Amino acid sequence: MRRIQEEDEEEKNKYEYPQHSDGEQISTPITRLPELFLFLSTLLLVLAIWNWVRVEYHGMPDVSESLFRFTKEMILGDLDTGLKIYVFDREQKSTKDTCSNDDLLLTSEIIDAYRQDGVVAMRNVISQDVLETLVAAGDKLVRTNNDQRMRGNTQFHSVRVGAIFMEGEVGEAFRNVALEGYVPKIAAKLNQIEVEEHECVDDKNRSEDVFNLRLLRDVFLAKDNGEYVCGWHVDDYGFWPADTEYSGVNAWITLDDISVDMGGGFAVSPGSHNADWNEDAFHATGATPTFPKEGFQNVSDFFENRVGEGTCNLKRSAPHINEILEANKRIYDLKKGDIIFMTRWLWHRTIPFHKSLMKSNLIFKRYSIRYSQGKATVPKGYGTELSVLWDSANAGECLNDVHGGPWYPQVFPNTLKQEQESLMELSRKHMKDAQLILRERRKEMKPYLAKLGKKI
């Protein structure tokens, strides 16, 4: 692992001011200063060129033929901030069985950073051709929504939940990233899900003893200059429909360059998933760990008996905790294709555009994929989960056992052929039936939401 480090002032003085053996500085002849300046300038130029080639060069083997070895990292910004984006080396080929997770080597530093902080950022995980296709799919969704901009108290230009279930090239672009390749493999590794048997899991051979990972929820989002953003929060069941007993990994993929100076990105609070104030924060926002074990029974029960002041309102309901999160926030300088992998219970928030850009037409796209263990269970009680709206018997079931189709397709240790072939059938049939029920449920919730909005 190579790291570019700034020379400290003491080292600079050693070059610029020769010293006696007792440490006292002696003067440097003026005639040698031009030579020293030329040497340092040349050295800095060589380092800058080397770093640019290291990070930007894409003429490497395709991801489908390669093994990612995490052998180097790039540090962005102030060296004291810890803003590390790990960069992949794709030069070594993989000959291992695709069902094995042993061919994906994360360094101990990456694993330790994730265990401590609950978040790591990575670059070059997605090959350039796959990334370009994904960006093009996102651009198409944005163009489709240009005349349907979500107005009011919303923070996004457009939102598409379940992008993997879309037809045609657009859906295929999202499926290629969310279900295949190294994004789900890294998520599995970070979630410490290991295959206990060496054989692949298929439709005829699945054991309860085999740990597997499933796609729980995927969402395409496009942020525009709208001023409203959701404050510090952990995802509720709308974005993370699994019982609170189980954790998981969120892969947040940026589809545009998003610099810290411009805003419009994403802030995380490293280590907040293990903070001793979590229970207080959960109650302040009414987070899912405060829900009854059997869930809320109906719409009035949900809105009248849920504690806290709402998912996005921690700043008002617990300002002292909000200050802690703000003081500890981390904002990455992101390039198109960078991925923030974070644990389910890490506190995070959206960043608004910088004030100077509020009147611009900028739109920053991102694609978020939530992964969870197959043994995680679908929440019980009143809600908006499509698999449960289609059949209430799916509430409380393990993701592995939910019936009616691949609502939560397996991604690790491998995808299942039958599930892959059934995705579009599910989208055309059962999912459409469930969406009709969802519309009625949203109508039922509308007056309660309006009442809540007046309080806010």
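### A word on the nonpolar core
Line of reasoning, step 1. One finds Met122, Val183, Leu190, Phe341, Tyr367, Ile369 and Tyr371 to be the most contacted residues of the largest nonpolar core, which totals 67 residues.
Line of reasoning, step 2. Apart from the residues lying within four places of it in its own chain, the contact partners of Phe341 are Tyr114, Gly118, Val119, Val120, Met122, Val183, Ile186, Ala187, Leu190, Val249, Asn250 and Ala251.
Line of reasoning, step 3. Ranked by size, the runner-up nonpolar core spans 16 residues in total, among them Ala281, Ala287, Ala318 and Trp347.

### Some details on the packing of aromatic side chains
Line of reasoning, step 1. Going through the model one piece at a time under the given rule, you end up with 15 aromatic pairs.
Line of reasoning, step 2. Judged by centre distance (5.0 Å) and plane angle (50 degrees), the rings of Phe353 and Phe364 are tilted. With Phe353 in the loop between strand 10 (348–350) and strand 11 (364–373) and Phe364 in strand 11, the pair connects residues that are eleven residues apart, well separated along the chain.
Line of reasoning, step 3. Classification of Phe364 by relative accessible area gives buried; the value is 5%.
Line of reasoning, step 4. By way of ring pairs, the aromatic residues Tyr237, Phe291, Phe296, Phe302, Phe303, Tyr382 and Tyr448 are connected into one cluster.
Line of reasoning, step 5. Above the face of the Tyr182 ring, Lys185 is positioned so that its terminal group lies 5.2 Å from the ring centre.

### A few points about the sheet that holds strand 10
Line of reasoning, step 1. If you trace the three strands from one edge of the open sheet to the other, you get 8-7-10, paired in antiparallel fashion. Each edge of the open sheet is held by one strand with a lone partner, namely strand 8 (330–331) and strand 10.
Line of reasoning, step 2. In the sheet, strand 7 (residues 266–268) pairs with strand 8 via two bridges, with the strands oriented antiparallel. Note that in strand 8 the partner of Ala267 across the bridge is Ile331.

### A short note on the state of the cysteines
Line of reasoning, step 1. Under the defined criterion, the tally for this structure stands at one disulfide.
Line of reasoning, step 2. At a sulfur-sulfur separation of 1.9 Å, the disulfide partner of Cys230 is Cys312. The sign of the -95 degrees torsion about the S-S bond sets the Cys230-Cys312 disulfide as left-handed. Of this pair, Cys230 sits in the loop between strand 5 (213–223) and strand 6 (249–254) while Cys312 sits in the loop between helix 8 (299–305) and helix 9 (314–317), placing them 82 residues apart in sequence.
Line of reasoning, step 3. The exposure class of Cys230 is buried, given its relative accessible area of 4%.
Line of reasoning, step 4. Accessibility expressed as a relative area gives 24% for Cys312, which makes it partly exposed.

### A few points about the pairing of strand 9 (residues 339–343)
Line of reasoning, step 1. Buried residues dominate strand 9, accounting for five of its five residues.
Line of reasoning, step 2. Burial along strand 9 is two-sided: Ile339, Phe341 and Thr343 and Ile340 and Met342, pointing in opposite directions, are all buried.
Line of reasoning, step 3. As defined by bridge partners, strand 3 (residues 119–123) adjoins strand 9 across four bridges and the pair is classed as antiparallel. Bridge pairing in strand 9 links Ala121 to Ile340.
Line of reasoning, step 4. Pairing of strand 6 with strand 9, which is carried by five bridges, proceeds in the antiparallel orientation. Looking at strand 9, one finds that Val249 is bridged to Thr343.

### Overview of the side chain of Thr285
Line of reasoning, step 1. Mapped onto the fold, Thr285 is located in helix 7 (residues 278–285).
Line of reasoning, step 2. Within the local environment of Thr285, its side chain forms a polar contact with the backbone oxygen of Ala281, the two atoms lying 3.0 Å apart.

### Regarding the pattern of salt bridges
Line of reasoning, step 1. Scanning all chains against the criterion turns up 16 salt bridges.
Line of reasoning, step 2. Measuring nitrogen to oxygen at the nearest pair gives 3.4 Å for the salt bridge that ties Asp117 to Arg330. Taken together, the positions of Asp117 in helix 3 (residues 108–117) and Arg330 in strand 8 put the pair 213 residues apart, joining distant regions of the chain.
Line of reasoning, step 3. Judged by relative accessible area, which is 14%, Asp117 ranks as buried.
Line of reasoning, step 4. Residue class for Arg330 comes out buried when judged on its relative accessible area of 11%.
Line of reasoning, step 5. Each of Asp139, Asp256 and Lys365 takes part in a single network of salt bridges with overlapping partners.

### What to know about the environment of Val119
Line of reasoning, step 1. On the secondary structure map, Val119 appears in strand 3.
Line of reasoning, step 2. Between the C-alpha atoms of Val119 and Phe341, which are 222 residues apart in sequence, the distance is 5.5 Å.
Line of reasoning, step 3. Non-local contacts of Val119, meaning those with residues more than four positions away in its chain, are made with Ala113, Tyr114, Val268, Arg330, Tyr332, Ile340, Phe341, Met342 and Leu346.

### A short note on the side chain of His233
Line of reasoning, step 1. With respect to the element layout, His233 can be found in the loop between strand 5 and strand 6.
Line of reasoning, step 2. When its relative accessible area of 10% is taken as the criterion, His233 is described as buried.
Line of reasoning, step 3. Of the polar contacts made by the side chain of His233, one reaches the backbone oxygen of Gly231; its length is 2.7 Å.

### Some remarks on unusual backbone geometry
Line of reasoning, step 1. For the peptide bond that leads from Phe412 to Pro413, omega is 10 degrees, which places it in the cis range.
Line of reasoning, step 2. Along the chain, Pro413 falls in the loop between strand 12 (410–412) and helix 12 (417–428).

### Description of helix 3
Line of reasoning, step 1. Inspection of helix 3 places Ile110, Ile111, Ala113, Tyr114 and Asp117 among the buried residues, and these make up the whole buried set. Here the buried residues of helix 3 occupy an arc of 165 degrees about the axis, which is enough to place them on one side. Summarising the geometry of helix 3, the exposed residues directed more than 90 degrees from the buried face are Ser108, Arg115 and Gln116.
Line of reasoning, step 2. Taken from the residues just after helix 3, Gly118 is the one with a positive phi, measuring 80 degrees.

### Some thoughts on the environment of Leu215
Line of reasoning, step 1. When you line up the elements, Leu215 lands in strand 5.
Line of reasoning, step 2. On the basis of relative accessible area, Leu215 is assigned to the buried category, the value being 2%.
Line of reasoning, step 3. Linking Leu215 and Ala178, residues 37 residues apart in sequence, is a C-alpha distance of 7.7 Å.
Line of reasoning, step 4. With near-sequence residues (within four places) excluded, Leu215 lies in contact with Ile164, Ala178, Leu179, Ile369, Arg370, Tyr371, Trp407, Tyr408, Pro409 and Val411.

### Examining the packing of helix 4 (residues 128–145) against helix 5 (residues 168–178)
Line of reasoning, step 1. Between helix 4 and helix 5, the least distance of the axes is 9 Å, while the angle of their chain directions is 135 degrees. Between helix 4 and helix 5, the interaxial angle falls into the category oblique. The handedness of the crossing between helix 4 and helix 5 is left-handed. Judged by residue contacts, Val130, Thr133, Leu134, Ala137, Gly138, Lys140 and Leu141 of helix 4 engage Val170, Ala173, Phe174 and Val177 from helix 5.
Line of reasoning, step 2. The residue inventory of the contact of helix 4 with helix 5, partitioned by class, reads eight nonpolar, two polar and one charged.

Cut-offs used in this document
- Residues numbered from 1 in each chain as written.
- Predicted model: local features only at pLDDT ≥ 70, side-chain atom pairs only at ≥ 80, totals over all residues.
- Heavy atoms only, no water.
- Core = buried A, V, L, I, M, F, W, Y, C linked by side-chain atoms within 4.5 Å.
- Buried < 20%, exposed > 50% of the residue type's maximum accessible area, 1.4 Å probe, protein only.
- Contact = heavy atoms within 4.5 Å.
- Phe/Tyr/Trp six-rings, centres within 6.5 Å; stacked < 30°, edge-to-face > 60°.
- Helix = DSSP H or I, 4+ residues; strand = E, 2+ residues; numbered from the N terminus.
- Lys NZ or Arg CZ within 6 Å of the ring centre and 35° of its normal.
- Pairing = 2+ DSSP bridges.
- Disulfide = S-S within 2.5 Å.
- Polar contact = N/O pair within 3.5 Å; in protein donor to acceptor, adjacent residues only side chain to side chain.
- Salt bridge = Lys/Arg side-chain N within 4 Å of Asp/Glu carboxyl O.
- Arc of directions from axis to C-beta.
- Axes fitted to C-alpha atoms, helices over the stretch in contact; angles between N-to-C directions.
- Parallel < 35°, antiparallel > 145°, perpendicular 65-115°, else oblique.
- Left-handed = near helix turned anticlockwise from the far one by under 90°.
- Nonpolar A, V, L, I, M, F, W, Y, C, P; charged D, E, K, R; others polar.

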